[in-house]
Amino acid sequence: MLPVSATTPESAALETEVLLVQRLRDRDEGAMTIFYDKYSAALYGVILRIVKKEEIAEDVLQEAMVKIWHSFPSYDAEKGRLFTWVMNVCRNLAIDKIRSRQYRVGSRTQPIEESAALRQAAEPSFRPEHIGLQEMTNQLNPEQRQIVDLLYFGGFTQSEVAEELNLPLGTVKTRARAAIKVLSKLIR
Amino acid sequence: MNIQEYIESGILEEYALGVLNEVERAEVERIAREHPEVHRELQQVISGLDAYAEAHAVTPPADMRERVLQGWQQAIRNTAEQEKLIQTADVPASAPLMTASASPTTPISGSDGAVVRQLSAPQEAPSRLKWLIAASVALLLLSGLGNYLLYSRLQETEANLEVAQTAQSRYAATQQAALNERDQQLAVLRSADFRPVELKGTPKAPEALARVYYNAKTNAVYVDVRNLPAPPAGKQYQLWALDNGKPVDAGMLASATAAGDSIQQMKDIASAQAFAMTVEDAGGVPSPTMSTLTVIGNL
């Protein structure tokens, strides 16, 4: 039912994703192994960056996979990539985790720069179109990076970032837009 | 609607970051469907953030793969079992079992040869199943009751803890104040500028004993009672400084001071050769009643 004429890596990747979505929709449990092999590095990297502790990152990833499996019927491929959807599930769970009361004690003051995630090198061969963290963040100025990190890894809204950094909301929006623009240009 | 303004409002970024509520999300999706520019912009924002996420990829430890996949399978099995129990509870006993479950039984095998085996589904007879359901429900109710009891105990404990903490900090503050006062008193006793004067009991009260500390430089006077008979109701001890035989009022002793509980700073005295105490009407009198002289001592 799918065309097998893909030649470029992008279309090959897309085809794997379409196949995977189909299998998940069919409640094929074996698909979750493929899911893990395909996405665990990206998901684990982001979760680790948020929760900062390996054992908790592992728990969150497993919890996220359970959630993805159960709420898969609500995933709408028309609205976006599977990657975007699962990444948001993971991010939200990880952010909920760090916002939970027990986690806050002691961990909140740890600066984001000291996280384990930054000390570990990203897998270079993760994807053919993969762009290194260093290369990417070098394109952002420190203010932009700070805002993107608070929004993406801290679960802050733009108003919360404005309050946290004591900046006008307009400035936060402008910087966030500029930063995301830089990021999206890099992948084209 | 001004499309450019909408794009620059930051709402697309918020959509991509997942901070919008359901109504707001639906609205963004509707506008993106209607306006290709918005759609294009939204896609760029999303792919930018996706790329940022991917740039943070960290390959998890190899042994995590099996743990996570196994844990995941265990978790969805547990939920499936629960759902099955709930479903069968609605089905008449004569209906065939397990029709609702169509889950495949192929084991999940990983590339490294690790095999996560599926737990076999229980094949219970309908009557046993009924008992099982009844038992489960009873267990659930019990567990709910247990939770409720534990929760109220927890609440009570937390409230008690709060009370205890408040009491503790109040106590600490009082103790700190008392300690400061003692330190001050100790400084007086240790100071070389203070001369101690023993006031001994008169024949009227031979056991009575008190001490006055007098600083001739600063004129400060402290009194420290060792033993004084309790004054009659409405009476107080009054301290006198004797300067060239002339009595000068040095102040009234507080009841705690007279009982020997603490030392007390009295009125400043410019010059004195002796100190004495008499029992006077509360509030004091201008000149001492000699018949009530209780203790006296020379510098």
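In this text, all values refer to a predicted model and were calculated from it rather than measured experimentally. (Residues numbered from 1 in each chain as written. Chains lettered and ligands numbered in written order. Predicted model: local features only at pLDDT ≥ 70, side-chain atom pairs only at ≥ 80, totals over all residues. Heavy atoms only, no water.)

## Looking at the pairing of strand 10 (residues 293–298) of chain B
Residues and elements named next belong to chain B. Pairing geometry for strand 3 (residues 194–201) and strand 10, over 2 bridges, is antiparallel. Bridged to Gly201 within strand 10 is Val295. Here 5 bridges tie strand 9 (residues 274–281) to strand 10, and the two strands are oriented antiparallel to one another. The partner of Ala276 across the bridge, within strand 10, is Ile296. (Pairing = 2+ DSSP bridges. Helix = DSSP H or I, 4+ residues; strand = E, 2+ residues; numbered from the N terminus.)

## Overview of the packing of helix 4 (residues 82–99) of chain A against helix 4 (residues 36–55) of chain B
Relative orientation of the contacting elements helix 4 of chain A and helix 4 of chain B amounts to 65°, with a least axis distance of 10 Å. For the pair helix 4 of chain A and helix 4 of chain B, the crossing hand works out as left-handed. Contacts from Phe83(A), Thr84(A) and Met87(A) of helix 4 of chain A reach helix 4 of chain B at Ile46(B), Asp50(B), Ala53(B) and Glu54(B). A class-by-class count of the residues in the contact of helix 4 of chain A with helix 4 of chain B yields 4 nonpolar, 1 polar and 2 charged. (Axes fitted to C-alpha atoms, helices over the stretch in contact; angles between N-to-C directions. Left-handed = near helix turned anticlockwise from the far one by under 90°. Contact = heavy atoms within 4.5 Å. Nonpolar A, V, L, I, M, F, W, Y, C, P; charged D, E, K, R; others polar.)

## Considerations on the interface of chain A and chain B
Of the residues lining the interface, 60 residues belong to chain A; the matching set on chain B comes to 47 residues. Interface of chain A and chain B: buried area, both sides summed, is about 4,700 Å²; carbon and sulfur atoms make up 61% of it. At the junction of chain A and chain B, the tally comes to 8 salt bridges. For Asp50(B), the salt bridge is made with Arg81(A), and the minimal N-O distance between the two is 3.6 Å. Our enumeration of links across chain A and chain B arrives at 18 residue pairs in polar contact (both at pLDDT 80 or more). Of all the elements in the fold, those that place two or more residues in the side of chain A that touches chain B are helix 2 (31–51), helix 3 (54–70), helix 4, helix 7 (133–138), helix 8 (142–153) and helix 10 (169–186) of chain A. (Buried area = accessible area lost by both parts, 1.4 Å probe. Salt bridge = Lys/Arg side-chain N within 4 Å of Asp/Glu carboxyl O. Polar contact = N/O pair within 3.5 Å; in protein donor to acceptor, adjacent residues only side chain to side chain.)

## Brief notes about the packing of helix 9 (residues 158–165) of chain A against helix 10 of chain A
All names here are of chain A. Contact geometry of helix 9 with helix 10 gives a least axis separation of 9 Å together with a crossing angle of 115°. The orientation of helix 9 relative to helix 10 falls into the category roughly perpendicular. Relative to helix 10, helix 9 is oriented so that their crossing is right-handed. Only Leu169, Val172, Lys173 and Ala176 of helix 10 make contact with helix 9, whose side of the interface consists of Gln158, Ser159, Val161 and Ala162. For the contact of helix 9 with helix 10, the per-class residue count stands at 5 nonpolar, 2 polar and 1 charged. (Parallel < 35°, antiparallel > 145°, perpendicular 65-115°, else oblique.)

## Quick word on helix 3 (residues 22–34) of chain B
Residue and element names in this part refer to chain B. Look at helix 3: 19 Å from first C-alpha to last across 13 residues, which is about the 18 Å you get at 1.5 Å a residue. Among all positions in helix 3, only Val28, Glu29, Ile31 and Ala32 are buried. One side of helix 3 holds all its buried residues, which, seen down the axis, span an arc of 165°. In this structure, helix 3 carries Glu22, Val23 and Arg33 as exposed residues pointing more than 90 degrees from its buried face. Looking at the packing, one finds that the buried side of helix 3 touches helix 1 (3–8), helix 2 (11–17) and helix 4. Residue Asn21 occupies the N-cap position of helix 3, its side-chain oxygen lying 3.1 Å from the main-chain nitrogen of Val23. (Expected span 1.5 Å × (residues − 1). Buried < 20%, exposed > 50% of the residue type's maximum accessible area, 1.4 Å probe, protein only. Arc of directions from axis to C-beta.)

## As for the confidence of the model for chain A
Residue and element names in this part refer to chain A. Chain-level pLDDT for chain A is 80 on average; 77% of the residues reach the 70-or-more range. Overall, residues 1–6 carries pLDDT values under 50, and its contacts beyond four positions in sequence, including any with other chains, amount to 7 contacts. In the model, residues 106–129 has pLDDT below 50 throughout and makes 39 contacts with residues more than four positions away in sequence or in other chains. (pLDDT = per-residue confidence, 0-100.)

## Quick look at unusual backbone geometry
Here the phi dihedral of Arg27(A) falls at roughly 60°; this positive angle occurs in a residue that is not glycine. Among the secondary structure elements, Arg27(A) is positioned in the loop between helix 1 (9–25) and helix 2. Judged by relative accessible area, Arg27(A) falls into the partly exposed class, the value being 28%. Although it is not a glycine, Asn244(B) sits at a positive phi angle of roughly 55°. Its place among the elements puts Asn244(B) in the loop between strand 6 (235–243) and strand 7 (246–252).

## Thoughts on the sheet that holds strand 9 of chain B
All names here are of chain B. Here 8 strands make up an open sheet; going across it, the order is 7-6-9-10-3-4-5-8 and the pairing antiparallel. The outermost strands of the open sheet, each flanked by one partner alone, are strand 7 and strand 8 (264–265). Both strand 6 and strand 9 contribute to a ladder of 8 bridges, which runs antiparallel. Paired with Ala241 across the strands is Phe275, a residue of strand 9.

## Quick word on the side chain of Ser184(A)
Examined against the element boundaries, Ser184(A) turns out to sit in helix 10. Among the residues examined, Ser184(A) registers a relative accessible area of 3% and is labelled buried. Engagement of the side chain of Ser184(A) in a polar contact is seen with the backbone oxygen of Lys181(A), the distance being 3.1 Å. The contacts of Ser184(A), once residues within four sequence positions are left out, are Gln44(B), Ser47(B) and Gly48(B).

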